[in-house]
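One-letter residues, chain by chain:
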Amino acid sequence: MAERSFKKEVKKLHAGAGETFQGEGILAVTKALLQSGVAYVGGYQGSPISHLMDVLADAKDEILDDMGVHFETSASEATAAAMLSASVNYPLRGAVTWKSTVGTNVASDALANLASGGVIGGTVIVIGEDYGEGSSIMQERTHAFAMKSHIWLLDPRPNLPSIVDAVEKSFELSEASNTPVMLQMRVRACHVHGHFTAKDNVKPAFTLTDALENPKRDLSRIVLPPYTFVHEKEKLEQRLPAALQFIKDNRLNEVFEGTRQDVGLVVQGGCYNTVIRALEHLGLADAYGDTEIPLYVLNVAFPLVDDELLDFARDKSALLLIEEGGPEFIEHEINTIFARAGCKTQLQGKALLPRYGEYTCEVIKQGLRQFLQQHTQDLLQDEVALKLVPSKPLAVTALDETVPARPAGFCTGCPERPVFSAIKLLQREQGDFHISCDIGCHLFSILPPFNLGATTMGYGLGGASSSAFNVPSSKPAISIMGDGGFWHNGLTSGIGNSVFNKSDGINLIIDNEYTAATGGQDILSSKASHPERSTNNPISRAVEGVGVKWVRTLTRTYDVAAMKRTLKEAITTKGVGPKVIVAQSECMLNLQRREKRERRQNIQDGKRVVESRFAIDGDTCTGDRACIRLSGCPSLTVKPNPDPWRSDPVSYIDNSCVGCGLCGENVHADILCPSFVKVEVVRNAGWLERQRRQLSQHIIGWLQRRAAKRQELDLLEGVSQ
Amino acid sequence: MNTNNRQRINIAVTAMGGQGGGVLADWIVGMAESTGWIAQTTSVPGVAQRTGATIYYLELFQPSGGQADAPTPILSLSPAGGDVDLVIAAELMEAGRAIQRGFVTPDRTTLIASSHRAYAVSEKESMGYALADPEVIHQAAGEMSQRYICFDMEAQAKASGSVISAVLFGALCGSGALPFAREVFEQAIRNGGVGVEASLRAFAAGHDQARHGDGCTDSPEPVPTVQKWTYQGADQGIHQLLARVETDFPDGLVTPMTEGIRRLLDHTGLRYAELYVERMQQILALEQGLDADKTLSHRVAARLAVWMAYEDTIRVAEIKTRARRFDGLYQEVGIQHQQVSYFREYLHPRIEEVAETLPASLGRWVLGNRWASALMNRLFAGPKVVSTQSLRGFLSLYLVARMRRWRHRTLRYTLEQERIDGWLALLTATVRVDHELSCEVAKLPELIKGYGRTHARGLKNFGLLCRAAEHLQGQPDAAAVLVKLHQAALKSESGTELAAALRAAGLENLAKELGSSGGSAGVVQVMEPQPAV
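Calculation criteria
Residues numbered from 1 in each chain as written. Chains lettered and ligands numbered in written order. Predicted model: local features only at pLDDT ≥ 70, side-chain atom pairs only at ≥ 80, totals over all residues. Heavy atoms only, no water. Domains from an automatic or database assignment. Contact = heavy atoms within 4.5 Å. Buried area = accessible area lost by both parts, 1.4 Å probe. Polar contact = N/O pair within 3.5 Å; in protein donor to acceptor, adjacent residues only side chain to side chain. Helix = DSSP H or I, 4+ residues; strand = E, 2+ residues; numbered from the N terminus. Nonpolar A, V, L, I, M, F, W, Y, C, P; charged D, E, K, R; others polar. Pairing = 2+ DSSP bridges. Salt bridge = Lys/Arg side-chain N within 4 Å of Asp/Glu carboxyl O. Buried < 20%, exposed > 50% of the residue type's maximum accessible area, 1.4 Å probe, protein only. UniProt positions renumbered as here; feature names shortened; annotations may be inferred. Disulfide = S-S within 2.5 Å. Expected span 1.5 Å × (residues − 1). Right-handed = clockwise from strand over helix to strand, strands pointing away. Axes fitted to C-alpha atoms, helices over the stretch in contact; angles between N-to-C directions. Left-handed = near helix turned anticlockwise from the far one by under 90°. Parallel < 35°, antiparallel > 145°, perpendicular 65-115°, else oblique.

- As annotated in an unreviewed UniProt entry, chain B carries the name Indolepyruvate ferredoxin oxidoreductase beta subunit and is attributed to Marinobacterium halophilum.

- Going by what an unreviewed UniProt entry lists, chain A is known as Indolepyruvate ferredoxin oxidoreductase alpha subunit and is assigned to Marinobacterium halophilum.

Spelled out as structure tokens, the structure:
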């Protein structure tokens, strides 16, 4: 079950022609798919398109089934890309989605094959381009993949009407040119809230069942010699010209005329709004985007349309190209186009704009200012780096030393945290190990307070990353994978590989029962039962199936001592091949969501319910915070020391504690302090329990009063006890 | 310049996971759209859920004329420095970060921030004091914003049984920064449909306090200070001891001395408090003899009392079984004492703690005898969960607590007094040579904290630094070096920094005692291209 439910929002997908659709970018994309008569949809979750997958999953019962649209959550991006092969021989419109560029990397084998043979039905890949602020991946461009495989790349202006239009046009473009199309959505565009005028949804004219019942094949569409060479020729001689014609005929790129004849801007569609805002700041545009400077907006980032570019450049002395990310593919290509055509217009780009990093308003403004100062006689000539923000006053400089960084970390009560507490304790005894990490929530172990792990090479590649260290050593390498990565490819690339190569390493698989980092989607080993999916397929059986002899499954990761013991056992066990430890406890966010509801109901029904949380005795805590360095739980925090003679803050557990028990386990495993206490509150206690409690309270109270009287405790009260 | 476009209001909301930043953004959008404005919001979600901070960015645009065919404004998807009208920060340091990023400018920005803190890992995990100073934020905010509205909205949210987003929304309304009436705000909450009543309560609280004025309007937290303690009981011994303090000590020292006495009476009893006063008299006499200021005596008065009131098993058992502590827990968790509840105490005494509770000679024998150690270890040491609300659990701790009468016979008592006397002897030797250095030596016991392993590490560092102080005696910059060593000891548990600092101070032999860092992985900070060989 995904973290966020779109059950309410997906009702909007029924909107018919003329209705105003209000909502998030990803919801608009789904609506556009339905308006386009899509027959099948797939994909793999990951920011920023995780929610697109969640919307589709929630839309399945609501509308997709009725519309005859097949949806499935693909096992990986490669699966999703290969799914598009349904459009190779049949007039089926298909769409898949993933996070790029990491997902595109995974999918690239299937993508290259798909692009080589070409498609009959429109195929669209909705790319969540995770570039710039808040990104969690390497900064690369999907553009490179589009170019190398000859897949067309759309980068629409970030407003809902443009995005919806781009989805619809992508299918048509794909069909007109027999080529798959990528539609690039930047992070903020995925989550932008806006509105557009809806059209009716369209059922696919040709269905998957139609295809299965009338199968077709065409040897010339398969990537095998001699057709591979035919494909290459087709790409350049037939599909590219067809695509260019379609782009021109349908005016996919937009020209916004301005009064100036001498200069112009060439802008990636996705950057358009920021460019307009930068022009507004410079006093050259109004709130509606009206500006005297002509703009050519590349809603299609690849391929470029020579005639349109040359037309736009005609009579202008200089153009500024605003192309985010490197290398500057578009700049190279336009320069080639100009050179071949003998166009004398000077193209400026990365010479005036930074070669790397997100093109924020501030960045674009600076580039524009420089460009206009250099290439016009009249614009912004008097301005010397005018800034709206005054130069940093002292008070702001002081912030640099004060404001702490806030790295992402494990949630309150996360079952993964204790696994890393155990490794930290193990390392304290045995020295550090080489640890290969993976992608997923568990990667937060590389950050304080755990500081574990040396590399992360890609999703599901934690096991594979240790493969070089398959040599005799007293300290084997430890590889960490999440359940998400394990099913994505780790079973084969990591575990299978280790078995085959007789590795002696340790594979730790963090099984929180979901792909938690992308929003808690279900996978093969999820515990939840799901009418549409097969879940409850244990990881331990899968690894045994590929030949692992030594498997331990710990079903309560909070048991730090057991985890440490198991790790130790794995380290000392030799000659059995790879050792696999499955650390299995349900993601706390998901668990809480489910339990809270149940608990509330049970309390209402008068059933006995125990609620627990931890607390720390302020009077015995001496403020050494060893507990925090072993946990990092958000609810385990600090507060100023109430004792005027002690300056160090004391540990404190706030109300968000979910009583996971790790604090207590750490006390026991690391011999911490005696300050931790778990408070269990019993709701709807039975008669007997209440009587017993009353009796013991009676005696305890009497003893307490007796001791207090003897020691005159009430007279000794002070600021600190 | 057209950036002061008053048709448009740009809003940045910074919030962390669970603070309802998304809900707040939705309320604002709902409110704007219901009154005919065009609203756009966007964010980079994902990390906020996992303790990071997220910026939600909104632009509200008032269409002119209200014609249906009015052109569509181009709205931006991310905030630009100098072009933000309103910054709403759900935590104080996030307000600071917004200022750092240039979102807050004096000509137009209203900054609404909650003054409460969600401490970052770096602040929490530090071995010393690393909490960020809120005053720095208040000052920068006052200087950089047009209006600064700040108060503890988390506390108000709690008091109203709601979440902080509702209080922020109320503060936003109260600030008058948006041109919408209060009813429109409240309607947006009602339209949201979840926890409406609590949200409206929190909204009202936020609204009202936002009208109290600019700047941080929290009532100042009382800073804990040492109060003069007076005894109201009948014990003549205590009265005499306090009277002795009044006559023998200078005015400034009387208050801390009475507090020290209070702590030791609470810890062990009158005889022990007398010992404290005797020790203090010696220190005071030394300092008086030197005609120095009374810094050393002041520091020792506090450190000695804290140290002498050390946390042994008896003390821990006593604190855990007191009524006052029970009441504190009920209050913290928010339950009544008659409600059925259980306190499960997580304890892990080591054989050392067990043996130290025995009479000194017996304890030493146990520790020295393998067989006896093993037996005691099996019987008493190891991980335990004790329920102090059950008779059995309570009684076991209660009986340990009653051993305070025999505390002076325990091994732990003997050990602690030896260490304290050693420290006092060092102070005595040092103060004659270097008063400044002795004042730093007086602070060294701060290193001894915690229990078990943590306590052992603190004790070891304390011992090393005491010996370092002996070595440093006579050096002109001895005090400054010791301060550096003290800071280094608080850098990490592994002691790498302390070892380096000891080496830098020319105390190689002491550095060696810390041992190598045990094969811990080296951290490569920056990758630099290596020249080909």
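On we go.
### Thoughts on the domain arrangement of chain B
At step 1: By domain assignment, chain B separates into domain 1 (8-65 + 74-216), domain 2 (224-309), domain 3 (317-391) and domain 4 (410-514).
At step 2: Once you take the C-alpha centre of each, domain 1 of chain B and domain 2 of chain B turn out to be 50 Å apart.

### As for the interface of chain A and chain B
At step 1: With 130 residues of chain A in contact, the opposing surface of chain B contributes 148 residues.
At step 2: Both sides of the chain A and chain B interface together cover about 11900 Å² of buried area, and 57% of this is carbon and sulfur.
At step 3: If you sort the residues of chain A by the area they bury against chain B, Tyr288(A), Arg406(A) and Trp645(A) come out on top, with a joint share of 9%.
At step 4: Counting every contact that joins chain A to chain B gives 57 residue pairs in polar contact (both at pLDDT 80 or more).
At step 5: Per element, the largest residue contribution to the side of chain A that touches chain B is 11 residues, and it comes from helix H24 (residues 687-710) of chain A.
At step 6: In the side of chain A that touches chain B, the residues fall into 69 nonpolar, 27 polar and 34 charged.
At step 7: With five bridges joining them, strand E24 (residues 676-683) of chain A and strand E8 (residues 341-347) of chain B adopt antiparallel strand pairing. Bridged to Val679(A) within E8(B) is Phe343(B).

### A few points about the pattern of salt bridges
At step 1: Within the structure shown, the criterion is met by 86 salt bridges over all chains.
At step 2: Across the pair Glu175(A) and Arg93(A) runs a salt bridge whose closest N-O atoms are separated by 2.8 Å. Taken together, the residues span a long stretch of sequence, with Glu175(A) in helix H7 (residues 160-177) and Arg93(A) in the loop between helix H4 (86-89) and strand E4 (94-100) at a distance of 82 residues.
At step 3: Exposure remark for Glu175(A): the relative accessible area of 28% places this residue in the partly exposed category.
At step 4: Close ionic contact of Asp83(B) with Arg108(B) constitutes a salt bridge, the shortest N to O distance being 3.1 Å. You can see Asp83(B) sitting in the loop between strand E3 (53-61) and strand E4 (86-89) and its partner Arg108(B) sitting in the loop between helix H2 (92-100) and strand E5 (110-114), a full 25 residues away along the chain.

### Brief notes about the UniProt feature "domain: DUF6537" (unreviewed entry) in chain B
At step 1: On the UniProt side, "domain: DUF6537" (unreviewed entry) is annotated at positions that read residues 258-463 of chain B here.
At step 2: Note that residues 258-463 of chain B is 70% helix and 5% strand, and that its end C-alpha atoms are spaced 29 Å apart.

### A closer look at the state of the cysteines
Residues and elements named next belong to chain A.
At step 1: Inspection of the entire model under this criterion finds zero disulfides over all chains.
At step 2: We note that cysteine 271 lacks a disulfide partner, and the nearest cysteine sulfur, in cysteine 361, lies 12 Å from it.
At step 3: With a relative accessible area of 3%, cysteine 271 lands in the buried category.

### Some details on helix H21 (residues 588-604) of chain A
At step 1: The end-to-end C-alpha distance of H21(A), which contains 17 residues, comes to 23 Å, matching closely the 24 Å that a straight helix rising 1.5 Å per residue would cover.
At step 2: Of the residues flanking the end of H21(A), it is Gly606(A), one or two places downstream, whose phi is positive at about 80°.

### What about the domain arrangement of chain A?
Accessible area lost on assembly of the parts is the figure often given for the size of an interface.
Residue and element names in this part refer to chain A.
At step 1: For chain A, the assigned domains are domain 1 (12-249), domain 2 (254-375), domain 3 (417-590) and domain 4 (609-715).
At step 2: Put simply, the middle of domain 1 and the middle of domain 3, counted by C-alpha atoms, are 34 Å apart.
At step 3: Counting from both sides, the interface comprises 14 residues of domain 1 and, opposite them, nine residues of domain 3.
At step 4: Taken over both partners, the interface formed by domain 1 and domain 3 buries close to 820 Å², and the fraction arising from carbon and sulfur atoms is 45%.
At step 5: Area buried by domain 1 at its contact with domain 3 is led by Tyr44, Gln45 and Lys60, which between them contribute 45% of it.
At step 6: In this structure, the connection of domain 1 to domain 3 is made through one salt bridge.
At step 7: Summed over the shared surface of domain 1 and domain 3, the number is five residue pairs in polar contact (both at pLDDT 80 or more).
At step 8: Every element with two or more residues in the side of domain 1 that touches domain 3 is listed here: helix H2 (50-64) and strand E3 (70-73).
At step 9: For the side of domain 1 that touches domain 3, the element with the highest residue contribution is H2, accounting for four residues.
At step 10: In terms of residue class, the side of domain 1 that touches domain 3 is made up of four nonpolar, five polar and five charged.

### Some remarks on the pairing of E4(A)
Residues and elements named next belong to chain A.
At step 1: Within E4, seven of the seven residues are buried, which leaves the element mostly enclosed by the surrounding structure.
At step 2: With four bridges joining them, strand E2 (residues 40-43) and E4 adopt parallel strand pairing. Bridging across to E4, glycine 43 finds its partner in threonine 97.
At step 3: Between E4 and its parallel partner strand E5 (residues 123-129), the chain crosses via helix H5 (residues 102-117), and the hand of that crossover is right-handed.

### As for the pairing of strand E19 (residues 550-554) of chain A
Residue and element names in this part refer to chain A.
At step 1: Here E19 runs beside strand E20 (residues 579-584); their pairing, made up of five bridges, is parallel. Bridge pairing in E20 places leucine 554 opposite alanine 583.
At step 2: A crossover connection joins E19 to the parallel E20 through helix H20 (residues 560-572); in handedness this β-α-β unit is right-handed.

### Looking at the packing of H7(A) against helix H10 (residues 227-249) of chain A
Residue and element names in this part refer to chain A.
At step 1: The contact between H7 and H10 brings their axes to 8 Å, and the two run at 145°. Of the two possible hands of crossing, H7 and H10 adopt the one that is right-handed. In this structure, H7 uses Lys169, Glu172, Leu173, Ala176 and Ser177 to contact H10, whose residues at the interface are Arg239, Ala242, Ala243, Phe246 and Ile247.
At step 2: Its residues assigned to classes, the contact of H7 with H10 comprises six nonpolar, one polar and three charged.

### Looking at the sheet that holds E5(A)
Residue and element names in this part refer to chain A.
At step 1: One open sheet accounts for seven strands, arranged E3-E2-E4-E5-E7-E6-E12; its pairing is mixed. A single partner strand is all that each edge strand has here, and the edge strands are E3 and strand E12 (300-302). Ignoring which end each strand starts from, the neighbouring axes of this sheet average 20° apart.
At step 2: As paired elements, E5 and strand E7 (residues 181-186) share six bridges and run parallel to each other. What sits directly across from isoleucine 127, in E7, is glutamine 184.
At step 3: The strands that H5 touches are E4, E5 and E7; relative to E4, the one it contacts most, it runs at about 135°.

### A short note on the side chain of His348(B)
At step 1: You can see His348(B) is positioned in the loop between E8 and helix H15 (351-356).
At step 2: Reaching out from His348(B), the side chain makes a polar contact with the backbone oxygen of His668(A) at a distance of 2.6 Å.
At step 3: Beyond its immediate stretch of four places on either side in the chain, His348(B) contacts Val667(A), His668(A), Ile671(A), Gly382(B) and Pro383(B).

### Details of the packing of H24(A) against helix H18 (residues 391-402) of chain B
At step 1: Contact pair H24(A) / H18(B): the axes reach a minimum separation of 10 Å and the direction vectors enclose 10°. Comparing the axis directions of H24(A) and H18(B) gives the class roughly parallel. Contacts between H24(A) and H18(B) involve Ser696(A), Ile699(A), Ile700(A), Leu703(A), Gln704(A), Arg706(A) and Ala707(A) from the former and Leu391(B), Phe394(B), Leu395(B), Tyr398(B) and Arg402(B) from the latter.

### Observations concerning the environment of Ala528(A)
Residue and element names in this part refer to chain A.
At step 1: Within the secondary structure, alanine 528 is located in the loop between strand E18 (506-511) and helix H19 (539-545).
At step 2: Sequence-wise, alanine 528 and valine 471 are 57 residues apart; in three dimensions their C-alpha atoms are separated by 40 Å.
At step 3: With residues near it in sequence (within four places) discarded, alanine 528 still touches Asp522, Thr535 and Asn536.

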